[in-house]
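# Summary of the model geometry
These are the residues of each chain, in order.
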Amino acid sequence: MKVLKFTLVIAILLLTTLTSVAQEQNQKKKTKGLIYLEADPFAYINKGYSIHPGYENWGFRFDLTFVKVDFPKSFEENFYGTTKFDLVTHINGIKIDYIGKRENWTKGFFVGIDMNYQTLNFKHRETNQNKNLYAFNIGLRTGYKIKIYKGFYITPWGAVWKNVNGIQTYKIQNDEVSTNQWDWLVTLHFGYSINL
């Protein structure tokens, strides 16, 4: 009887220890997070680049933004009301998104804050003179990660920003262009993530 009680106590202690170790290992796996790299194909189509390295953990995404785009005339006309200037923009920024606690981090909804510093180089098409105007944008964004294969995914997302730097204007001859007080974007990123 004593041997049975002793064996039972040892079994319970061993089971408790193993359960505790397994829970601790699961917790460590959950907190290791992942790293990722995303790119916007539209930037490359428009003679630029788009690089977005990031890290996900603790229910959040942390994303750096490095973008250059030479916008087409249709964009310049729709967003700046003129085709008299060629616009090349450089954007550096950071995004912080809430993704929640989920098992599969290669897919799912997110919402967050997007802050970026934008250098807008406006080149007057008639005279070839140019000038840099600047915007500091703060806004909200939302999107959804869709798993493609293993670590590969796509992320459609949209954002609305307010330029807190104030409106800047470039005037040459009778042509004029200004930075926007509000901006918005709907786009698509391709990404690849690696679990740590």
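Each chain has its residues counted from 1, running along the sequence as written. In keeping with the predicted nature of the model, local features appear solely for residues at pLDDT of at least 70, side-chain atom pairs appear and are counted solely at 80 or more, and the whole-chain, interface and lining totals rest on all residues. Derived side-chain values reflect all non-hydrogen atoms in the structure, with water molecules and hydrogen atoms excluded from consideration.

## A look at the nonpolar core
Counting 17 residues, the largest nonpolar core has Tyr-80, Leu-87, Phe-122 and Tyr-170 as its most contacted members. Looking at this core, the elements with two or more residues in it are strand S3 (60-70), helix H3 (73-80), strand S4 (85-98), strand S5 (108-124), strand S6 (130-149) and strand S8 (169-172). Once you skip the residues sitting within four places of it in the chain, Tyr-170 turns out to touch Phe-85, Phe-122, Gln-129, Asn-130, Lys-131, Leu-133, Asp-175, Glu-176 and Val-177. Phe-110, Trp-157, Ala-159 and Trp-161 belong to the second largest nonpolar core, which has five residues in total. Residues enter a nonpolar core if they are buried and are Ala, Val, Leu, Ile, Met, Phe, Trp, Tyr or Cys, with the set joined through side-chain atoms within 4.5 Å. When a residue's accessible area, from a 1.4 Å probe over protein chains only, is under 20% of the maximum for its type it is buried; when over 50% it is exposed; and in between it is partly exposed. In DSSP terms, a helix is any run of H or I states spanning at least four residues, a strand is any run of E spanning at least two, and both are numbered starting from the N terminus. We call two residues in contact when some of their heavy atoms are within 4.5 Å.

## Describing unusual backbone geometry
Phi at Asn-128 takes a positive value of approximately 65°, unusual for a residue other than glycine. With phi around 50°, Lys-150 is a residue other than glycine that occupies positive phi space. Relative to the helices and strands, Lys-150 resides in the loop between S6 and strand S7 (152-163). Given a relative accessible area of 59%, Lys-150 falls into the exposed group.

## What to know about the environment of Asn-163
Its location among the elements puts Asn-163 in strand S7. Residue classification places Asn-163 among the buried residues on the basis of a relative accessible area of 4%. Distance in space between the C-alpha atoms of Asn-163 and Asp-183 is 7.7 Å, their sequence separation being 20 residues. Each residue touching Asn-163, except ones within four places of it in the same chain, is listed here: Tyr-134, Ala-135, Phe-136, Asn-137, Thr-179, Asn-180 and Gln-181. We define a polar contact as two N or O atoms separated by no more than 3.5 Å, with the added condition that, inside protein, one atom must be a possible hydrogen donor and the other a possible acceptor, whereas residues neighbouring each other in sequence contribute only through side-chain atom pairs. For Asn-163, the side chain forms a polar contact with the main-chain nitrogen of Asn-165, separated by 2.9 Å. Polar side-chain contacts of Asn-163 include one of 3.3 Å to the backbone oxygen of Asn-180.

Function cannot be read off these values alone, since they describe shape.
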